[in-house]
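The primary structure of each chain is shown beneath.
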Amino acid sequence: MKEKEMKYQFIFLMLTCISANAQEIVGKWITVDDNTGKEKSVVEIYEKEDGKLYGKIIEFLEEGAQPDDTCEHCKGSMKGKKLMGFEVLSGFEKKGDKYENGKVTDPEADKTYDSKIWVDEDDASILKVRGYVSFIYRTQEWKRKK
């Protein structure tokens, strides 16, 4: 009986650790424009029932931006679509200290990239968001919203 109880305690402990790590990423993050360094929007990262992480735009930070704004300067299928609530992160699976096998979408460029995300090991207020095609990648740093 003791062996069975220890097995269940071990499983509970492992699930707690996995859930705690997801909580480091789950929350609100401020996106920053690569070119200007200006804060653009707030993305809320959340876990769905499938255990994967997703993120959607919940607030605009740019001066003059309105909740009903559509992407008029976007290309392709995003042109004219509402940006508030748009899912920019999707399908991230836990792998070690990172979440991988996800997708990040740049609505302005109407492009979706393979992606992984992780909290900076030296500063828990920074989220690294890496989009890549083959071996070419770019990593953005998002700031945790307080």
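Residues numbered from 1 in each chain as written. Predicted model: local features only at pLDDT ≥ 70, side-chain atom pairs only at ≥ 80, totals over all residues. Heavy atoms only, no water.

(A) Local environment of the overall build of the protein. Secondary structure assignment for the protein yields one helix and eight strands. If you list the helices and strands of the protein from N to C, you get α-β-β-β-β-β-β-β-β. Looking at the 146 residues of the protein, the share that counts as buried comes to 32%. Of all intrachain contacts in the protein linking residues separated by at least 6 positions in sequence, the fraction that spans at least 24 positions is 37%. (Helix = DSSP H or I, 4+ residues; strand = E, 2+ residues; numbered from the N terminus. Buried < 20%, exposed > 50% of the residue type's maximum accessible area, 1.4 Å probe, protein only. Contact = heavy atoms within 4.5 Å.)

(B) Just the nonpolar core, in detail. Judged by nonpolar contacts, the single largest core of 22 residues is most densely connected at Ile25, Ile45, Leu89, Ile117, Leu127 and Trp142. Looking at this core, the elements that each hand over two or more residues are strand E2 (39-47), strand E3 (53-60), strand E4 (87-95), strand E5 (98-106), strand E6 (111-119) and strand E7 (126-133). Those residues in contact with Trp142 that lie beyond four places of it in its chain are Trp29, Ile30, Thr31, Val32, Val43, Val88, Leu89, Ser125, Ile126, Leu127 and Val129. (Core = buried A, V, L, I, M, F, W, Y, C linked by side-chain atoms within 4.5 Å.)

(C) The pattern of salt bridges, seen in detail. Throughout the structure, instances matching the rule amount to ten salt bridges. Across the pair Arg138 and Asp34 runs a salt bridge whose closest N-O atoms are separated by 2.8 Å. In this pair, Arg138 sits in strand E8 (residues 136-144) while Asp34 sits in the loop between strand E1 (27-32) and E2, placing the two residues 104 residues apart along the sequence. When the shortest N-O distance is used, the salt bridge between Lys143 and Glu39 registers 2.7 Å. Taken together, the positions of Lys143 in strand E8 and Glu39 in strand E2 put the pair 104 residues apart, joining distant regions of the chain. Under the relative-accessibility criterion, Glu39 is labelled partly exposed at 33%. Each member of the salt-bridge network shares a partner with another, and the members are Asp120, Lys128 and Glu141. (Salt bridge = Lys/Arg side-chain N within 4 Å of Asp/Glu carboxyl O.)

(D) Quick look at the packing of aromatic side chains. Scanning the entire structure with this criterion turns up one aromatic pair. With 6.4 Å between their ring centres and 25° between their planes, Tyr46 and Tyr54 make a pair best called stacked. The buried category is assigned to Tyr54, whose relative accessible area is 10%. One cation-aromatic arrangement involves Lys48 over Tyr54; the distance from NZ or CZ to the ring centre is 4.2 Å. Its guanidinium or amino end placed over the ring of Trp118, Lys98 lies 4.4 Å from that ring's centre, counting from NZ or CZ. (Phe/Tyr/Trp six-rings, centres within 6.5 Å; stacked < 30°, edge-to-face > 60°. Lys NZ or Arg CZ within 6 Å of the ring centre and 35° of its normal.)

(E) Examining a negative patch on the surface more closely. Taken together, the side chains of Glu24, Asp97, Glu121, Asp122 and Asp123 define an acidic patch exposed on the protein surface. By secondary structure assignment, the location of Glu121 is in the loop between E6 and E7. (Patch = residues over 30% accessible without salt bridge, like charges linked within 9 Å, V, L, I, M, F, W, Y side chains within 5 Å. Areas by Shrake-Rupley, 256 points an atom, 1.4 Å probe, with all protein chains shown as cover. Lys, Arg positive; Asp, Glu negative; His and termini not counted. Charge placed at Lys NZ, Arg CZ, Asp CG, Glu CD.)

(F) Summary view of the environment of Ile25. As for its position among the elements, Ile25 is in helix H1 (residues 2-25). When residues no more than four places from it in sequence are discounted, the contact partners of Ile25 are Ile45, Leu53, Tyr99, Ile117, Trp118, Val119 and Leu127.

(G) The sheet that holds E1, seen in detail. Sheet architecture is closed into a barrel: eight strands sit in the order E1-E2-E3-E4-E5-E6-E7-E8, paired in antiparallel fashion. With strand direction ignored, the average angle separating the axes of adjacent strands in the sheet is 35°. (Pairing = 2+ DSSP bridges. Axes fitted to C-alpha atoms, helices over the stretch in contact; angles between N-to-C directions.)

(H) Summary view of the confidence of the model for the protein. When pLDDT is averaged across the protein, the result is 84; 84% of the residues are at 70 or more. Scored below 50 in pLDDT, residues 6-21 shows five contacts in the model against residues more than four places distant or in partner chains. (pLDDT = per-residue confidence, 0-100.)

(I) Inspection of the pairing of E5 at higher detail. Where E4 and E5 come together, five bridges link them in antiparallel fashion. Residue Lys94 lies in a different strand from E5, and its bridge partner there is Tyr99. Count of turn residues in the E4/E5 antiparallel hairpin: two residues, of which Gly96 carries a positive phi of about 65°. Across six bridges, E5 lies against E6 in antiparallel orientation. Bridging from a neighbouring strand, Thr105 pairs with Thr112 of E6.

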